[in-house]
Amino acid sequence: MNEQVIIIGGGVIGTACAYFLSRRGLEVHVLERNHLGAGASGAAAAIIEDISSSDTPEWLRILGLESYRLILELEDDFEQPLEIIRGGSLHVALNEQEASEIYLFSKEAQGMGHNCELLNGPEARRLEPLLGPKVQAALYNPACYHVNPFRLCEGYLHAALCRGARIDYGISVRSVQVRNDRIERVVTDQGDFDADWVVVATGAYTPQVLPSIGIKIPIFPARGQVIVTEACPQMTQRVLMFFNHLYIKQTASGNFYLGSHTEFAGFENRITLEKITTYAHVLAHAVPILARLKGLRFFAGFRPISVDDLPVIGPVPNCPRLIIASGHGRTGIHYSASTGKAVSELIVDGKTELPIDVFSVDRFEKQSEL
Amino acid sequence: MNKITGDSLTQNLRIQTGIKRGQVVEIDIEGRTVRAHEGETIGAVLAASGIRKIRLSPHGQDPRGMYCCMGLCHDCLVTVDGQPNVRACVTPVQAGQQITLQKGLGRFDTDLPQPPSARLVHHHVPLVIIGGGPAGLSAAIAAARWGGQVLVIDENSQPGGQIYRQLPHTFQVNNPATLGLDYLEGQSLLSELAKMSDRVTIWGDAQVWSVFNSRQLAVARNDELVLLDAKAIVVATGAYERPVPVPGGTLPGVMTVGGAQVLLKSQRIRPGHRVLLAGTGPLQLVVANQMLDVGVDVVSVAESASTRDAWRYIFDLLHHPRLLMHGLGYLRRLKRHGIPLLRSHVGNTKAFDVDTVCIGYGLIPSIWLTNMLGCKHAYNPLVGGWVPYFDNNMQTDQEGVFVAGDGAGVAGALVARKQGTIAGLFAAAYAGVIATGQAERIGLLARKQLMSLQKFRRAVDCIYQTYPAIYRNVTDDTVVCRCEGVKAGVIRRAIKKGTTDLNDVKKRTRTGMGYCQGANCMPTVAAMLSHEFRVKAEEIKMTTTRPPFRPIPMNLLMVEADS
């Protein structure tokens, strides 16, 4: 197929789409207005985990599992290692209330077939010596790893470039013009581009790109603040997760990453004392050694969260050649591979291997009609 | 005088004349008992003990020593009593300390007791001055003289900044004349301030590390997380050495010329035995003379500016004949002692056999805080860095935020003092201590002096401006990011692959992700963008300013914050 695809957005979703589309032989052109991974992809925890509860929509779980496996396989096709650290995860309870919730969670997860183990405080600390005495219980899930999100974006992109894809930085898309079922042109601040297909992978900025087509997609920026500490020798391979979306991981370079709540503060890229002291407090009690480290830098990122917490993947109703791939919330890195694969299947085969109806673009309108 | 009990060479590094160090304390360095003096820094003791290889870097396993000597570069990290990553150059010795040298990343002794959680403290003050150097102290004097309550925050244990560095309290000064004019000037400023101690509070060892809610300063002080609200803020945070990487630039024994001066002034340590100074600017002439005074073998001073250029500015220089004579005096003295002053050209090479190299290519204003306060900045090609915009009253484009001194555009101590006076007066007026009209009248003399000084200063800046040529020796193999060990070749490839955005370079290569958070590498990357990739100065965007300003201990964040 010699068709031209323009991908708007050079984050993990855009580069993943570029990767899979170029593998299927299409001509791919990525337009990125800033630099690679300038949005949420560059501020991500990049924790990839296979876990679910009875609330998890089935097709989300299946998409997630496929992506979990794919990323591990894809590393061989990439120029540089992804800094994959496979130590599993511990979901930690720091008080009795949390412990009873972890207990319920463990029952559900085991019921769904996950191979996870419920540990009491002392058992958790034997498994993970970094945990301190405040730990009451923990759920150990071996099916979890983390990567360097920037390396993942670079990996996808470089492999795509090797297969003939192009990328231009510093180009802002103003509008996508459609007529009948076809893409007429993509209007940017540096001229117009032709395309047979357009993929919109602009994360939290998606609502800004779409008004020209008259569709509204409820994706909102969800700010998350991160603390990065000084580097130390590798002390753990595990991801430690706590309630309220807090987590600790140690990267391949030895720094600890501490994050991150979910706040709705528009695009206000600020660090707040309230948040960083909250998690410094919680996490240093859970992992005592943190109190001895120095914080090196604090930053914030904006994850694209859709109103129902599910990604938005699929063609736009009145223009099937315009495809949205956005709204992945906190799981963009994780779902990047299966999203890229699904988008490539939509374009090349006209259908996807895994059902993506539950992620459809028009579900919000349908929901509001009900 | 010097009883030689060990290696005679190392005994010489402590300067003895004119002072008496504090009482002897014993510390343990790598299992060996070493005699030190109260008030000395660990770095000074290491230097005096002949230990120049302080650690092996985590990335290249290459040896590092003291480079900036003032707590910025984090190359001199040692482990003290089980706590790793302690900066030797700014940490005082204490009796019984166990110091070990680090190979790679510092290891955390998990058995050590937990540091205490910090207390959250709120303060409201009418006027705060950040930086206790000549600008900050002058601002404090100006504001306090007219009745204002002033708080001065300084990151060092004693005020004075760089140029007016004082000796530790435990050192006894027998002959102040041996310490140089700057020491005496500093003393005089400090004693003037001491007379107003009912109105001026000085916080030492206090670090502003963030700005919250656009104006609230977060200060790390002892075991306190201080949130400071001030009506008027004067930023007088000075400047720091322009980093100019060269092959071998990370070797122990290579330091900044400012760093050498810190060792000389505030610890009375000779930076080395046989020293080469290379760079540009009046600072290296000053430091060469200071080394001469204490018997260091100064092998040569290499200057990249041309004397031909100097003649073009002779009229501006003659505005201050005394200053000019002073400068020429430094040159004459070096000549008299047979120290060759070399004009360094691109293309010519000369080898010297030395144990210490002091590199100094001028200063860059420290603008982290003005950035965090939302002030507008412009790139100044003469300075080779960004400077905040300010008006005749030293007020930035942010109401109530004033700047003074080298942080406003590098201009030397005399200019700093005049600017500080003006900033202090108008900040006091803004805080309601005096009427604006009063500030105008009182500040008139300082303004006049400032205008004439600035002509002189501009001339000096023009003569000594840095040229692209100084970066010509940055080969692909040269380390640019000292903290993360990133070489120029990697950075060049990343720029070619990606964009000319410094944030992009940072993500691709880890440049700027280490302890100094880009202070010692980003100016070089900006220069590479400008000269090798032809990016216009105005288009080089600074990396996004994020807290903390300096690494802060996590236990300081472990407070219950009220909103």
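Values in this document were obtained by computation on a predicted structure and should not be read as measured data. (Residues numbered from 1 in each chain as written. Chains lettered and ligands numbered in written order. Predicted model: local features only at pLDDT ≥ 70, side-chain atom pairs only at ≥ 80, totals over all residues.)

### As for the domain arrangement of chain B
Residue and element names in this part refer to chain B.
In step 1: Structurally, chain B comprises domain 1 (8-103), domain 2 (119-240 + 365-449), domain 3 (245-360) and domain 4 (471-532).
In step 2: Its C-alpha centre places domain 1 at a distance of 30 Å from the equivalent point of domain 4.
In step 3: Of the residues lining the interface, seven residues belong to domain 1; the matching set on domain 4 comes to eight residues.
In step 4: Here the side of domain 1 that touches domain 4 is built from residues that sort into two nonpolar, four polar and one charged. (Domains from an automatic or database assignment. Contact = placed C-beta atoms within 7 Å. Nonpolar A, V, L, I, M, F, W, Y, C, P; charged D, E, K, R; others polar.)

### Examining the sheet that holds strand S15 (residues 247-250) of chain A
In step 1: The sheet built from nine strands is open, its strands ordered S5(A)-S6(A)-S4(A)-S14(A)-S15(A)-S16(A)-S13(A)-S17(A)-S28(B) with mixed pairing. Each having just a single partner strand, strand S5 (117-120) of chain A together with strand S28 (552-553) of chain B make up the two edges of the open sheet.
In step 2: Where strand S13 (residues 219-231) of chain A and strand S16 (residues 255-259) of chain A come together, three bridges link them in antiparallel fashion. Across the sheet, residue Ile 227 of chain A finds its bridge partner in S16 of chain A, namely Leu 258 of chain A. (Pairing = 2+ DSSP bridges. Helix = DSSP H or I, 4+ residues; strand = E, 2+ residues; numbered from the N terminus.)

### Structural notes on the interface of chain A and chain B
In step 1: With 35 residues of chain A at the interface, the matching set in chain B holds 35 residues.
In step 2: Of all elements in the fold, only S13, helix H7 (273-286) and strand S17 (294-306) of chain A reach the threshold of two or more residues within the side of chain A that touches chain B.
In step 3: Ranked by residue count, the leading element in the side of chain A that touches chain B is H7 of chain A, at seven residues.
In step 4: In the side of chain A that touches chain B, the residues fall into 19 nonpolar, eleven polar and five charged.
In step 5: As judged from the two bridges shared by S17 of chain A and S28 of chain B, these two strands associate in the antiparallel manner.

### Describing the pairing of strand S8 (residues 98-103) of chain B
Residue and element names in this part refer to chain B.
In step 1: As paired strands, strand S2 (residues 24-29) and S8 are joined by two bridges and run parallel to one another. Across the sheet, the residue bridging to Ile 29 is Ile 99, located in S8.
In step 2: In terms of strand pairing, strand S4 (residues 55-56) meets S8 through two bridges, oriented parallel. Its bridge partner being in S8, Leu 56 is matched across the sheet by Lys 103.
In step 3: As paired strands, strand S6 (residues 77-80) and S8 are joined by three bridges and run antiparallel to one another. Bridge pairing in S8 places Thr 79 opposite Thr 100.

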